[in-house]
Amino acid sequence: FEMSFAHLAAILYCAGPATLFHSSVYSESPFALCTIAGCIFLGRGMPWKSVVAFALGSCFRANGIVNSGFLLFEALTQSLIYPQKCGNTLRCLSVGIVQTLIICAPFFIFQ
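Conventions used here
- Residues numbered from 1 in each chain as written.
- Predicted model: local features only at pLDDT ≥ 70, side-chain atom pairs only at ≥ 80, totals over all residues.
- Heavy atoms only, no water.
- Helix = DSSP H or I, 4+ residues; strand = E, 2+ residues; numbered from the N terminus.
- Buried < 20%, exposed > 50% of the residue type's maximum accessible area, 1.4 Å probe, protein only.
- Contact = heavy atoms within 4.5 Å.
- Areas by Shrake-Rupley, 256 points an atom, 1.4 Å probe, with all protein chains shown as cover.
- Salt bridge = Lys/Arg side-chain N within 4 Å of Asp/Glu carboxyl O.
- Core = buried A, V, L, I, M, F, W, Y, C linked by side-chain atoms within 4.5 Å.
- Expected span 1.5 Å × (residues − 1).
- Bend = angle between axes of the 7 residues up to and from the residue.
- Polar contact = N/O pair within 3.5 Å; in protein donor to acceptor, adjacent residues only side chain to side chain.
- Disulfide = S-S within 2.5 Å.

Novice: I'd love a proper account of the overall build of the protein, names of residues and values included.
Specialist: A tally of helices and strands in the protein yields 7 helices and 0 strands. What you see in the protein, going N to C, is helices and strands ordered as α-α-α-α-α-α-α. Projecting the C-alpha coordinates of the protein onto the three principal axes gives extents of approximately 45 × 45 × 15 Å. Each of the 111 residues in the protein was classed as buried or not, and the buried ones make up 27%. Taking contacts inside the protein between residues at least 6 apart in sequence as the whole, the part at least 24 apart equals 53%. Taken as a whole, the protein presents about 7500 Å² of accessible surface, with 72% of it coming from carbon and sulfur.

Novice: Go over the pattern of salt bridges with me, naming the residues and quoting the values.
Specialist: Going through the model one piece at a time under the given rule, you end up with 1 salt bridge. A salt bridge links R61 to E28; the shortest N-O distance between them is 2.2 Å. Of this pair, R61 sits in the loop between helix 4 (47-60) and helix 5 (68-81) while E28 sits in helix 3 (residues 28-43); the two residues are 33 residues apart in sequence, bridging distant segments of the chain.

Novice: Could you give me a rundown of the nonpolar core, with the residues and numbers involved?
Specialist: Core analysis: the largest hydrophobic core is formed by 5 residues, namely L42, V51, F54, L71 and I103. Once you skip the residues sitting within four places of it in the chain, L71 turns out to touch L42, P47, S50, V51, F54, Q99 and I103.

Novice: Now, about helix 7 (residues 89-110): what can you tell me, with residues and values included?
Specialist: Between the first and last C-alpha of helix 7 there are 33 Å, a value that for 22 residues agrees with the 32 Å anticipated at 1.5 Å per step. The principal kink in helix 7, of about 40°, is found at C104, preceding the proline P106 by one to four residues. For helix 7, the set of buried residues is C92, G96, Q99, T100, I103, C104 and P106. Summarising the contacts, the buried residues of helix 7 are in contact with helix 4, helix 5 and helix 6 (83-86). At the N-terminal end of helix 7, a side-chain oxygen is found 3.3 Å from the backbone nitrogen of L90, two or three residues along, and the residue is N88.

Novice: I'd like a rundown of the environment of F73, residues and numbers included.
Specialist: Its place among the elements puts F73 in helix 5. When the C-alpha atoms of F73 and F41 are compared, they prove to be 15 Å apart, with 32 residues separating the residues in sequence.

Novice: Summarise the state of the cysteines; cite the residues concerned and give the values.
Specialist: In total, this model carries 0 disulfides according to the counting rule given. Cysteine C34 is unpaired, with the sulfur of C59 as its nearest cysteine sulfur at 8.2 Å. Just so you know, C39 is unpaired, no disulfide at all, and the nearest cysteine sulfur is the one on C34, 11 Å from it.

In C-alpha cells, the structure reads:
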C-alpha cells in the first residue's frame, strides 16, 4: 500500500490539530478552500483562475496575501529559467506583479 505524497498531505491536513476551526463557523474553512483551489488551478496551468481563488482567499483571511508568492514564483521561473515558454521576460514579470497586486487588493481595501 503506497500513497502518493499529495494524498498523504491531504490526510495529514484533515487530521491536524487545526481541524477544530474547520468544524466551527470560522473563516478558516473558506480560506482553505480558496487556497487549495488556487494551488490546483495553478498546477493545472490556469493562473488567472488561481488569481481569482487566491484573491477570494485574501478576502477571508489577511494571511491570504502570502499566496501571491506562488504566482510571483511562477512568473520568476518562467521568465528566468524557462524564457522560451514566456517569450518576453519583462512581460512575464509584469504579469506576475499585476497578479500579485490583484491578490493583495482585498487586503488593502479592507484596511
